[in-house]
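# Survey of secondary and tertiary structure
Okay, here's what each chain looks like letter by letter:
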Amino acid sequence: MPLGNLASLSHFLPELAVTATILLLVVAHVVGGNRQSAVPAILSLAGVGAALLLTALQASVPAKSLFEGMVALDGFAVFFKALTALATIVVVFLSMESEELAGRSQAEYYIFLLSVLLGMFLLSASTDIVMLYLSLELVSIPSYLLAGYLKGGGRSTEAATKYVVFGATASGVMIYGFSLLYGMTGSTHLGEIGRALAQGEATTPMFLAAVMVAVGFGYKIAAVPFHMWSPDVYEGAPTPITAFLSVGPKAAGFAVLVRFFYTVFATPDAASGAWVLSPGVDWTALFAVLSAVTMSVGNLIAVKQDNVKRLLAYSSIAHAGYMLMGFVLLSPAGIKAILFYLVVYLFMNLGAFYVVILVANRTRSEEIADYSGLGSRAPFAAVSLAIFLFALTGIPPFSGFIGKVYLFAEVINKGVYWLAVVAALNSVVSLYYYARIIKVMFLEDPKDKSEIAVPAFPRAVLCLLAIPTLVLGVYWEPVIRMAENSVKMIAF
Amino acid sequence: MMEPSAYLLLSGILFGIGVAGVVARKNALIVIMSVEIMLNGVNVAFIAVGSHLGDPTGSVFAFMVMTVAAAEAAVGLAILIAIFRLKETVDITELSVLKW
């Protein structure tokens, strides 16, 4: 039975902690005005840290349905809450170092950042399409503002314009799909919709609804062909926000994609622990094709990019393609592989962006050509970036390799060989453009030989990101076990 | 209770007009207006189905969609004003600092 509103509150503490922090930040903004200070950043760190701890305490609580069936508290939601809170903490560190954001209103920035976090918490837990729509918009709308946060800067404002136009359209198409589902089943609850569809006949509106909802979620995870916004937004947005969008909302998008399609268009099969498709919509074939196209487009276009941020944007599209492989298999092991890959991806991707920020603070440039000789100008940053890039490629012994092994193993296990072959070829292509940056950094002579100093604090944060990237490549047992336990979803 | 099919047809037409506007028009202002038309089409569908089933959820959902649409329009227009101040145009085909 779903818990009532008041009884749910005690299981809603992480969200309440984030909400309280947002309100405190509003007060800090009113009191402090636009003054530059570290207070908002420290306040956000404390708030998100508290939310992360409260989420960790929920890990052992038996699964519950909260707020009359609006939100679920299950292993899956707890996993994504912890993941997105962790990403937000790292992004706060990135933002504190970024010179792009210095001189801009600090409190407002963190209000938007934490609003997105609250949206991601709710998005990964929603079990009702009303809640799902609202939380998706709570992720999207502050993201538009964050992408355009460098107001007056042409690139940033242009990025925000494109983002808002694409985002509003995609969510409009998605909500029309929801209205079709509501019309067919008369319910807004994911579990009930799923049960009604599993018994019914296959119909055209059902297929249309699946496609339209896929548009909305595909936009959130930047899957081809709904990816057009992402390179522009990633290049134009402030770099900490680029890092954030490529990890946080993307992870939350995967959470809602899995929860929605596995409850609405598939039913759990008690005997095998896997899922079976509802009649009529073979969305696994659709997404398998999307996965192959997404990784190929992302990797092939990344090859000819000269801007590091844009290159990482296409690489992040390609990684969404890899993760979609786990989504189409309808097996717990496939989802487990996605969850594990998201953890690994968080560290390596945020780490790569952190180095980009540190270099851009000094050189004011994100062109690959300006990375020449970085190996001698800033050895620490260059070696860290090399680690993150090798991990993104998926070379052993880095953690990206283990992430890919789990994904590939399950794809082959399920006999979808063509997809495994496409993904393997793609990994080879990706080696080319990642290695190109490394070659420029270590083998080319710098135009400007002056040293780029990396202070102690960024050094420590870089270590905190590089160590998991390395350690998860040799000792990943605890994380994979955590991912395995988080596959359980409830749908009451 | 009226049969909802006429209303659903209306909702489909509104949604189609909205999609056509998004695809065909270059002015970002018109594109945002078209998105609002899409959302209104969605609202008609929710209310028609909800009233046919005697279920208030449909109407409640329409209210939620309206709220979100207002927030989205506010943010969208603010961003358009910012871009207009920079470029003196809101034609999306002319926003080309960022490209392939």
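Residues numbered from 1 in each chain as written. Chains lettered and ligands numbered in written order. Predicted model: local features only at pLDDT ≥ 70, side-chain atom pairs only at ≥ 80, totals over all residues. Heavy atoms only, no water.

### A closer look at the interface of chain A and chain B
For an interface, size is often stated in terms of accessible area lost upon the parts coming together. Listed per partner, the contact involves 42 residues of chain A and 38 residues of chain B. Both sides together, the interface formed by chain A and chain B hides about 3400 Å², and carbon and sulfur atoms give 80% of it. Of all residues in chain A, the largest losses of buried area upon contact with chain B belong to Glu 158, Tyr 176 and Tyr 182 of chain A, amounting jointly to 19% of the total for that side. At the boundary of chain A and chain B, one finds 1 salt bridge. A salt bridge links Glu 158 of chain A to Lys 87 of chain B; the shortest N-O distance between them is 3.1 Å. Inspection of the region where chain A meets chain B yields 4 residue pairs in polar contact (both at pLDDT 80 or more). Looking at the side of chain A that touches chain B, the elements with two or more residues in it are helix H6 (129–147), helix H7 (154–185), helix H10 (229–236) and helix H13 (308–327) of chain A. (Contact = heavy atoms within 4.5 Å. Buried area = accessible area lost by both parts, 1.4 Å probe. Salt bridge = Lys/Arg side-chain N within 4 Å of Asp/Glu carboxyl O. Polar contact = N/O pair within 3.5 Å; in protein donor to acceptor, adjacent residues only side chain to side chain. Helix = DSSP H or I, 4+ residues; strand = E, 2+ residues; numbered from the N terminus.)

### Some words on a nonpolar patch on the surface
The grouping of Ile 467, Leu 470, Val 471, Val 474 and Tyr 475 of chain A at the surface amounts to a nonpolar patch, some 480 Å² of accessible area in total. Its location among the elements puts Val 471 of chain A in helix H19 (residues 456–471). (Patch = residues over 30% accessible without salt bridge, like charges linked within 9 Å, V, L, I, M, F, W, Y side chains within 5 Å. Areas by Shrake-Rupley, 256 points an atom, 1.4 Å probe, with all protein chains shown as cover.)

### Focus: the packing of helix H8 (residues 190–199) of chain A against helix H11 (residues 239–264) of chain A
All names here are of chain A. Relative to each other, H8 and H11 sit at 40°, their axes nearing to 7 Å. In terms of orientation, H8 and H11 fall into the oblique class. Listed contacts from H11 to Leu 190, Ile 193, Gly 194 and Leu 197 of H8 are Arg 259, Phe 260, Thr 263 and Val 264. Its residues assigned to classes, the contact of H8 with H11 comprises 5 nonpolar, 2 polar and 1 charged. (Axes fitted to C-alpha atoms, helices over the stretch in contact; angles between N-to-C directions. Parallel < 35°, antiparallel > 145°, perpendicular 65-115°, else oblique. Nonpolar A, V, L, I, M, F, W, Y, C, P; charged D, E, K, R; others polar.)

### A short note on the domain arrangement of chain A
Residue and element names in this part refer to chain A. Partitioning chain A into domains gives domain 1 (11–167 + 223–263) and domain 2 (282–492). Taken over C-alpha atoms, the centre of domain 1 sits 21 Å from the centre of domain 2. Contacts between domain 1 and domain 2 engage 48 residues on the former and 51 residues on the latter. Of the roughly 4300 Å² buried between domain 1 and domain 2, counting both surfaces, carbon and sulfur atoms make up 76%. Taken as a group, Phe 79, Phe 254 and Tyr 262 account for 16% of the area that domain 1 buries against domain 2, more than any other trio of residues on that side. The interface formed by domain 1 and domain 2 holds 4 salt bridges in total. Notably, a salt bridge pairs Glu 366 with Arg 155, separated by 3.3 Å at the nearest N-O pair. Scanning the region where domain 1 abuts domain 2 turns up 17 residue pairs in polar contact (both at pLDDT 80 or more). (Domains from an automatic or database assignment.)

### Topic: the nonpolar core
Residues and elements named next belong to chain A. By size, the foremost hydrophobic cluster in this structure holds 211 residues, and its most contacted members are Phe 178, Phe 260, Phe 261, Phe 265 and Phe 327. The dominant element in this core, judged by the number of residues it contributes, is helix H14 (residues 332–363), at 22 residues. Taken domain by domain, the makeup of this core includes at least three residues from each of domain 1 (11–167 + 223–263) and domain 2 (282–492). Leave out the neighbours within four places in its chain, and Phe 327 touches Leu 257, Val 258, Phe 261, Tyr 262, Trp 283, Phe 287 and Ile 338. (Core = buried A, V, L, I, M, F, W, Y, C linked by side-chain atoms within 4.5 Å. Buried < 20%, exposed > 50% of the residue type's maximum accessible area, 1.4 Å probe, protein only.)

### Some words on the side chain of Gln 58 of chain A
Inspection of the secondary structure puts Gln 58 of chain A in helix H3 (residues 39–58). Apart from the residues within four sequence positions on either side, Gln 58 of chain A is in contact with His 11, Phe 12, Leu 13, Pro 14, Leu 73, Val 78 and Lys 81 of chain A.

### With respect to the pattern of salt bridges
As enumerated under the stated definition, the model contains 14 salt bridges over all chains in all. As a salt-bridge pair, Arg 436 of chain A and Asp 306 of chain A come within 3.2 Å of each other at their nearest N and O atoms. Pair noted here: Arg 436 of chain A is in helix H18 (residues 417–443) and Asp 306 of chain A is in the loop between helix H12 (283–302) and H13, with a separation of 130 residues, a long-range link. Where Glu 444 of chain A meets Lys 439 of chain A, a salt bridge forms, and the shortest distance between an N and an O atom there is 3.9 Å. Taking the relative accessible area as the measure of exposure, Glu 444 of chain A reaches 33% and is therefore partly exposed. Taking the relative accessible area as the measure of exposure, Lys 439 of chain A reaches 42% and is therefore partly exposed. Among the charged side chains, a network of salt bridges with common partners joins Arg 155, Glu 158, Lys 162, Asp 232, Glu 235, Lys 309, Arg 310 and Glu 366 of chain A together with Lys 87 of chain B.

### Overview of the packing of aromatic side chains
Residue and element names in this part refer to chain A. Summed over the entire model, instances satisfying the criterion amount to 34 aromatic pairs over all chains. Ring centres 5.3 Å apart and planes at 75° place the aromatic pair Phe 261 and Phe 287 in the edge-to-face group. Pair noted here: Phe 261 is in helix H11 and Phe 287 is in helix H12, with a separation of 26 residues, a long-range link. Across the pair, Phe 287 and Phe 261 agree in class, each one buried. Relative to Phe 398, the ring of Phe 390 lies with its centre 5.9 Å away and its plane at 15°, an arrangement referred to as stacked. (Phe/Tyr/Trp six-rings, centres within 6.5 Å; stacked < 30°, edge-to-face > 60°.)

### As for the side chain of Thr 127 of chain A
Residues and elements named next belong to chain A. Topologically, Thr 127 is positioned in the loop between helix H5 (106–125) and H6. When its relative accessible area of 5% is taken as the criterion, Thr 127 is described as buried. There is a polar contact of 2.9 Å between the side chain of Thr 127 and the backbone oxygen of Gly 69.

### Here's the deal with the environment of Val 61 of chain A
Residues and elements named next belong to chain A. Along the chain, the position of Val 61 falls in the loop between H3 and strand E1 (64–66). Looking at Val 61, the relative accessible area reads 29%, which means it is partly exposed. The spacing of Val 61 and Val 355 is 294 residues in sequence and 38 Å in space, taken between C-alpha atoms.

### Thoughts on unusual backbone geometry
Cis peptide bonds are those with omega within 30 degrees of zero, and the linkage from Val 224 of chain A to Pro 225 of chain A qualifies with 5°. In this structure, Pro 225 of chain A sits in the loop between helix H9 (204–221) and H10. The residue after Pro 396 of chain A, namely Pro 397 of chain A, is reached through a cis peptide bond having omega 5°. In this structure, Glu 68 of chain A takes a positive phi of about 55° despite not being glycine. Relative to the assigned elements, Glu 68 of chain A resides in the loop between E1 and strand E2 (71–73). Of note, the phi angle at Glu 88 of chain B is positive, near 60°, even though the residue is not glycine.

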